[in-house]
Amino acid sequence: MELNQPTWSSVVVSRHLPEKLHDLEKLSHNLWWCWNESAKELFRQVSPELWEATSYNPIEMLGRVSSSRYSALEKDRKFLSELDRVMDEFNAYMELKKERKEPSVAYFCMEYGLDTSLKIYSGGLGILAGDYLKETSDMNVNLVAVGLLYRYGYFTQTLSAQGAQIAQYDPQDFMKIPASPVLDAEGNWKTISVNLPGRALNARLWKVEVGRTELYLLDTDYEANIPEDRQVTHHLYGGDWENRLKQELLLGVGGVRALRALGINASVYHYNEGHAAFVGLERIREYINEAHLTYAEALEVVRASSLFTTHTPVPAGHDSFDEGILRRYIGHYPQRLGISWDTLMNMGRMNPGDHNEKFSMSALAANISQGINGVSWLHGKVSQEILAPMWKGYLPEENCVGYVTNGVHYDTWTAPEWKAIHSEVFGSQFATHHYDKQCFEGIYKVPAEKIWEVRSTLRKKLIDEIRRRLSDPTMSVHYSPRQIVTIKQTLRDDVLTIGFARRFATYKRAHLLFRDLDRLSKIVNDAEHPVQFVFAGKAHPADQAGQDLIRMIVEISKRPEFIGKIVFIPNYDITLAKYLVQGVDIWMNNPTRPLEASGTSGEKAAMNGVMHFSVLDGWWVEGYRKDAGWALPQERTYDDQGYQDELDAATIYGIIENEIAPDFYEKEKNAGYSMQWIKYIKNTVAMVASNFTTNRMLTDYVEKYYTPLARRAELVCANDYKSAREIAGWKQLVREEWAAINVLSVVKPDSSTIIKNEFLSEVTINLARLAPEDIGVEALFATADRKGKLHIQQTIQFDCVESKDGVAKFSAVIRPDHSGSYQVALRMYPKNALLASRQDCDLVRWL
């Protein structure tokens, strides 16, 4: 008898948690869980196997738990009690959101590294932004964030047998990520649109709850868009420059429209990198259309409430676009803004009027922002140099570019073992997130044996995780089965372990350690002081030189003298980063100075008592303390980079051989640990980690930028934008008259002048239609450094002593503070008490 064929039907089975367990679902959709140990442990208890199998994604895990397991959990009194306790903690935390105060801030960034379950980040910028959002939640700062939801995110890294990087793009299942559709009152998905050539680019809105802080993401991958436009949010930093322009228009213009669709109008707008600069153009359009301001008036309002943070230490790293592609995509904007095309283009040029210059997003961001900052002290100085062409009448050091040094989110990156100890010795205020950073000195109260125990435990966790990952055939193709066995047997959890993990770009000089392989072999194979190195990191798919570095390290790690002593772990992500910064003993970094804008991986390590060993660049210029880490000299010895690399490599070998390794192994006979090493660990936590948290960073942003900008915005908007209109009108008058101002006479020191006590300097000016109070005159005394750059030592302001019939005399008695040889110059500049800074009106004339 012939069997009939089965009829298969596609059926979707959705699981609803038992009522007693509903809070698990609520908790899984708020990323608060990912930095709170109690919540993570609760999810682990649901199913330890699935928790690990889903890479610690509670949403995915809850969807895979069996009905029988849920039935058991709803009858498990101990589990239900723990669920209630965690939910009480969570609800009490969220209740404080009602106490958020002004100013309100809207934060825009292309990427956010919050958790491995949400792949919308690639590296440092995203991790920093993710940490920042978590801190705004913890400190209850009134901030809302905007970004893009990428279908594929950044790539998953595997390596070939030869060590070649393979970039694999896996689509995210939006049903398994902590992002929820934003619906209107009728249950329809909220959307916005941005005009593109001949069509509209539509985007859906998603919400990610980051504790008390909301992150709204825009997604174009749905039926309302043509296939080409659906790809706009496929890949982070993916596609060609045209796609990058679409992404930045979506983030900027679309981001503002998303906030308006949600009824949000913030006091301050923070552009985290120039990618978001189109926010300013959209806001100018709003003020022109809705408040009926002129372009110049609207620009004053937008500038007053905007902050631009640059993370890029080299001019070539700033996004810029050809005029032709901009004319296609934003050619309609001049008409909307009531300006010419050249006026719009000049907003993105360092040299207005230069038609050969590309449109720089950083120049646009700087032109529409009152506040501008770099991300470390040194990077602030570098950014002053990069942006100096925008204000040609001023020396770079005079520019209005400040800095806020990056920090890291303590609760995300600090190991649970350390958190438990810190909670006992940092004081009760520490848990409130409003504390004096001196509380970190409580680490000195912790017994030495406890410090050593924690460091040993965390090192063992790291080594166990490396062995586990190498046991996964999909992750360890770059090593043969025999090599894997050797590595697992050779790696030790009681050996000095040095970590190097970051994006593989050539300026980060991952190759430096391998300049002298014979000497490196002696270091790792030293019988008394053995050392092992762990490497991880991705290279950009278009960066062949970075990929070659990875291949080189993999090849060297396979050599008999290095096998199991040097190991490369693929697919560097947040989860692996935690194991590394918590488990190694030394975090090594050796970029080409000053190309590290800040760097935060070493800060994460410091939270765990891991010493930093680095070039004095980025944050380490401020962070280095004797007996709390090691540093390569700040100044270059050679102009030739090859010679400098050779010297730096020799210095690294010497410090490891003569300082780091001997101190680590100088163990007390009875204790089994090094008291000198314990001292280093305690100093690192007390003197380094305390200064590089996002708590300090956010406090700096609030005090240096958010609060002052909100006050200025309130000032320029008050009384129907009275101050904005006055400033715009005054600037227009000054620009119209500047060329007509005639300097009639100047009495100033010249190269033959010797100033014994004082010198009377005078300047007589025909002011055209301006008043004496519209003009400032000053004398600058400067000295040159060894590179010939001038640095101002003293500035002397002139007073108007006489004014008649449009002619004014300005004078000053010049009394230098110190004797010596100086370069002296006089300059004239527009002056108005309503200006936020001198660069607010960039006209300058040297006299």
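The rules behind these values
Residues numbered from 1 in each chain as written. Predicted model: local features only at pLDDT ≥ 70, side-chain atom pairs only at ≥ 80, totals over all residues. Heavy atoms only, no water. Helix = DSSP H or I, 4+ residues; strand = E, 2+ residues; numbered from the N terminus. Rg over C-alpha atoms; globule rule 2.2 N^0.38 Å. Contact = heavy atoms within 4.5 Å. Phe/Tyr/Trp six-rings, centres within 6.5 Å; stacked < 30°, edge-to-face > 60°. Buried < 20%, exposed > 50% of the residue type's maximum accessible area, 1.4 Å probe, protein only. Lys NZ or Arg CZ within 6 Å of the ring centre and 35° of its normal. Pairing = 2+ DSSP bridges. Axes fitted to C-alpha atoms, helices over the stretch in contact; angles between N-to-C directions. Expected span 1.5 Å × (residues − 1). Arc of directions from axis to C-beta. Polar contact = N/O pair within 3.5 Å; in protein donor to acceptor, adjacent residues only side chain to side chain. 1 Å grid on protein atoms, 1.4 Å probe; cavity = no way out; pocket = protein on both sides within 12 Å on 5 of 7 lines; lining within 4 Å. Points joined across faces, edges and corners; volume = space filled by probe spheres on them. Nonpolar A, V, L, I, M, F, W, Y, C, P; charged D, E, K, R; others polar. Disulfide = S-S within 2.5 Å. Right-handed = clockwise from strand over helix to strand, strands pointing away.

### Re the overall build of the chain
1) Next: Within the chain one finds 28 helices and 28 strands.
2) Next: Here the chain has a C-alpha radius of gyration of 30 Å; the compact-globule value for 847 residues is 29 Å, and the two agree.
3) Next: For the chain, the spread of C-alpha atoms along the principal axes amounts to about 110 × 70 × 50 Å.
4) Next: When contacts within the chain are restricted to residue pairs at least 6 apart in sequence, long-range pairs at least 24 apart make up 72% of them.

### Side note on the packing of aromatic side chains
1) Next: Under the counting rule described, the total for this entry stands at 40 aromatic pairs.
2) Next: Between Y154 and F155 the ring centres are 4.7 Å apart and the planes differ by 45°, which places this aromatic pair in the tilted class.
3) Next: Residue Y154 is classed as buried on the basis of its relative accessible area of 12%.
4) Next: One residue, R845, lies across the ring of W738, its end atom 5.9 Å from the ring centre.

### As for the sheet that holds strand β23 (residues 775-784)
1) Next: The strand order across the open sheet built from 4 strands is β24-β23-β27-β28, with neighbouring strands paired in antiparallel fashion. Since the sheet does not close on itself, it has two edges, and those belong to β24 (790-797) and β28 (845-846), each with one partner.
2) Next: Helix α28 (residues 694-738) contacts β23, β27 (823-830) and β28 of the sheet and is inclined by roughly 125° relative to β27.

### Let's talk about unusual backbone geometry
1) Next: For the peptide bond that leads from E102 to P103, omega is 5°, which places it in the cis range.
2) Next: Despite not being glycine, N571 has its phi angle at roughly 60°, a positive value.
3) Next: Relative to the elements of secondary structure, N571 occurs in the loop between β17 (566-569) and α23 (574-583).
4) Next: Here the phi dihedral of D805 falls at roughly 55°; this positive angle occurs in a residue that is not glycine.
5) Next: With respect to the helices and strands, the residue D805 is situated in the loop between β25 (799-804) and β26 (807-814).

### Concerning helix α6 (residues 77-95)
1) Next: Between its first and last C-alpha, α6 extends 26 Å over 19 residues, near the 27 Å set by a 1.5 Å rise per residue.
2) Next: Taken together, the buried positions of α6 are F79, L80, E82, L83, V86, M87, F90, Y93 and M94. All buried residues of α6 fall inside an arc of 160° around its axis, so they share one side. Exposed side chains of α6 directed beyond 90 degrees from the buried face belong to R77, K78 and D88.
3) Next: For α6, the secondary structure elements touched by its buried residues are α1 (22-28), α2 (37-46), α5 (67-73) and α7 (124-138).
4) Next: Of the residues flanking the start of α6, the one acting as N-cap is D76, its side-chain oxygen 3.1 Å from the backbone nitrogen of K78.

### Some thoughts on the sheet that holds strand β22 (residues 759-766)
1) Next: Read from one edge of the open sheet, 4 strands run β21-β22-β26-β25, paired in antiparallel fashion. The two strands at the open ends of the sheet, each matched to only one other strand, are β21 (742-747) and β25. Taken over all neighbouring pairs, the strand axes of this sheet differ in orientation by 15° on average, direction set aside.

### Notes on empty space enclosed by the protein
1) Next: For the structure shown, the criterion picks out 2 cavities of 30 Å³ or more.
2) Next: Approximately 50 Å³ is the volume found for the largest cavity.
3) Next: Lining the largest cavity, in full, are V194, N195, L249, V253, R257, Y329, I330, H332, Y333 and R336.
4) Next: Put simply, the parts of the chain that give the lining of the largest cavity at least two residues each are β6 (191-196), α9 (241-261), α12 (323-330) and α13 (333-337).
5) Next: The dominant element in the lining of the largest cavity, judged by the number of residues it contributes, is α9, at 3 residues.
6) Next: Residue classes in the lining of the largest cavity are distributed as 6 nonpolar, 2 polar and 2 charged.
7) Next: The space that makes up the second largest cavity amounts to roughly 30 Å³.
8) Next: Surrounding the second largest cavity, Y107, L128, Y132, H270, N272, T309, H311, N406, M697 and Y701 form its lining.

### Quick look at the state of the cysteines
1) Next: For the coordinates displayed, the defined rule picks out 0 disulfides.
2) Next: Here C400 stays free of any disulfide, with the sulfur of C841 as its closest cysteine sulfur at 13 Å.
3) Next: Exposure remark for C400: the relative accessible area of 23% places this residue in the partly exposed category.
4) Next: Note on C800: no disulfide assigned, nearest cysteine sulfur contributed by C841 at a separation of 19 Å.

### Focus on the pairing of strand β18 (residues 586-589)
The side chains of a regular strand alternate, first on one face of the sheet and then on the other.
1) Next: Residues of β18 alternate between two faces, with I586 and M588 on one and W587 and N589 on the opposite face, all of them buried.
2) Next: Sheet analysis places strand β15 (residues 496-501) next to β18, joined by 2 bridges and oriented parallel. Looking across to β18, one finds that G499 is bridged to W587.
3) Next: Bridging between β18 and strand β19 (residues 611-615) involves 4 bridges; their strand directions are parallel. Its bridge partner being in β19, N589 is matched across the sheet by S614.
4) Next: For the handedness criterion, the β-α-β arrangement of β18, helix α24 (residues 601-607) and β19 is classed as right-handed.

### Remarks on the environment of E19
1) Next: Along the polypeptide, E19 turns up in the segment before α1.
2) Next: Between the C-alpha atom of E19 and that of F562, which follows or precedes it by 543 residues, the distance is 56 Å.

### Topic: the environment of A276
1) Next: Along the chain, A276 falls in the loop between β9 (268-272) and α10 (278-290).
2) Next: Residues A276 and L250, spaced 26 residues apart in sequence, show a C-alpha to C-alpha distance of 9.1 Å.
3) Next: The contact partners of A276, leaving out residues within four places of it in the chain, are F108, L251, G252 and Y271.

### Details of the environment of I386
1) Next: On the secondary structure map, I386 appears in helix α16 (residues 377-387).
2) Next: I386 sits in the buried class, given a relative accessible area of 13%.
3) Next: Sequence separation of I386 and A316 is 70 residues, and the distance between their C-alpha atoms is 10.0 Å.
4) Next: Beyond its immediate chain neighbours, meaning those up to four positions away, I386 contacts T312, P313, V314, P315, H318 and M350.

### Quick look at the pairing of β17
1) Next: Here β17 shows a buried face lined by I566 and F568 and a second buried face lined by V567 and I569.
2) Next: Bridging between strand β16 (residues 531-536) and β17 involves 4 bridges; their strand directions are parallel. Each bridged residue has a counterpart across the sheet, and for A536 the counterpart in β17 is I569.

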